[in-house]
Amino acid sequence: MTVLKVNGRPVEISNRGDRTLATALREDLGLIGVRVSCAEGECGSCTVLVDNKPMTSCLMLAQQAKGKEIVTIEGMANGDDLHPIQQAFIEEQGFQCGFCTPGLILSTKAFLAENPNPTADEVSVGMSGNICRCGAYPYIVKAVLKAAELMDETATA
Ligand code: FES
């Protein structure tokens, strides 16, 4: 077995060399918030954070993640308290079917860490690696801007 650190905890996955990180997270660990769609790194639905960087987990082998900190959507809330980004997506209705939402929320976390006070145009560019088939982009932009606001309030509280 291979040990990874996922959502702050050490976990064991199969040590098969051919498994992607997305498959290991979903099948070995039951973290089905990792959504796999195109499986070619194009749509961003399988985005997770690896050492705080957004990665398309369908393109990364699980074995490459050894020793790295991985965060999935399941690791964002603090118990019953949603992360401010999750709260913002709900408040601004930044989704329709919700398929793309976990990947978008993780991309938002990395994006706001780099640019905590973005403009709407910067959000559009920053989120361009995550495709929303429902076309909820105007609401997604609002949600990311709201997340920036909520995180700023949290930081200054
Ligand atoms: Fe349906 Fe984005 S909300 S794919």
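Look a little higher up for the structure.
Every value quoted in this text rests on a predicted model; they were computed, and no experiment measured them. (Residues numbered from 1 in each chain as written. Predicted model: local features only at pLDDT ≥ 70, side-chain atom pairs only at ≥ 80, totals over all residues. Heavy atoms only, no water.)

A. Structural context of the pattern of salt bridges. Overall, the coordinates contain six salt bridges when judged by the stated rule. Note that R16 and D18 form a salt bridge whose closest N and O atoms lie 3.1 Å from each other. With relative accessibility at 45%, the residue R16 sits in the partly exposed group. Accessibility expressed as a relative area gives 53% for D18, which makes it exposed. (Salt bridge = Lys/Arg side-chain N within 4 Å of Asp/Glu carboxyl O. Buried < 20%, exposed > 50% of the residue type's maximum accessible area, 1.4 Å probe, protein only.)

B. The arrangement of the side chain of T47 in detail. One can find T47 in strand β3 (residues 47–50). What T47 contacts, discounting residues up to four positions off in sequence, is P54, M55, T56, G103, L106, S107 and N130. (Helix = DSSP H or I, 4+ residues; strand = E, 2+ residues; numbered from the N terminus. Contact = heavy atoms within 4.5 Å.)

C. Structural detail: the sheet that holds strand β2 (residues 9–13). Taken in spatial order, the five strands of this open sheet run β2-β1-β5-β3-β4, and their pairing is mixed. Looking at strand neighbours, the two that pair on one side only are β2 and β4 (53–56), the edges of this open sheet. Across the sheet, the axes of successive neighbouring strands diverge by a mean angle of 45°, strand direction being ignored. Bridge count for β3 against β4 is four bridges, and the pairing is antiparallel. By the bridge assignment for β4, L49 is matched with P54. Running over the sheet, helix α1 (residues 21–28) touches β1 (2–6), β2, β3 and β5 (69–71) and is turned about 100° from β3. Those strands touched by helix α3 (residues 101–114) are β3, β4 and β5, and its axis lies near 40° from that of β3. (Pairing = 2+ DSSP bridges. Axes fitted to C-alpha atoms, helices over the stretch in contact; angles between N-to-C directions.)

Read these as geometric descriptors, not functional statements.
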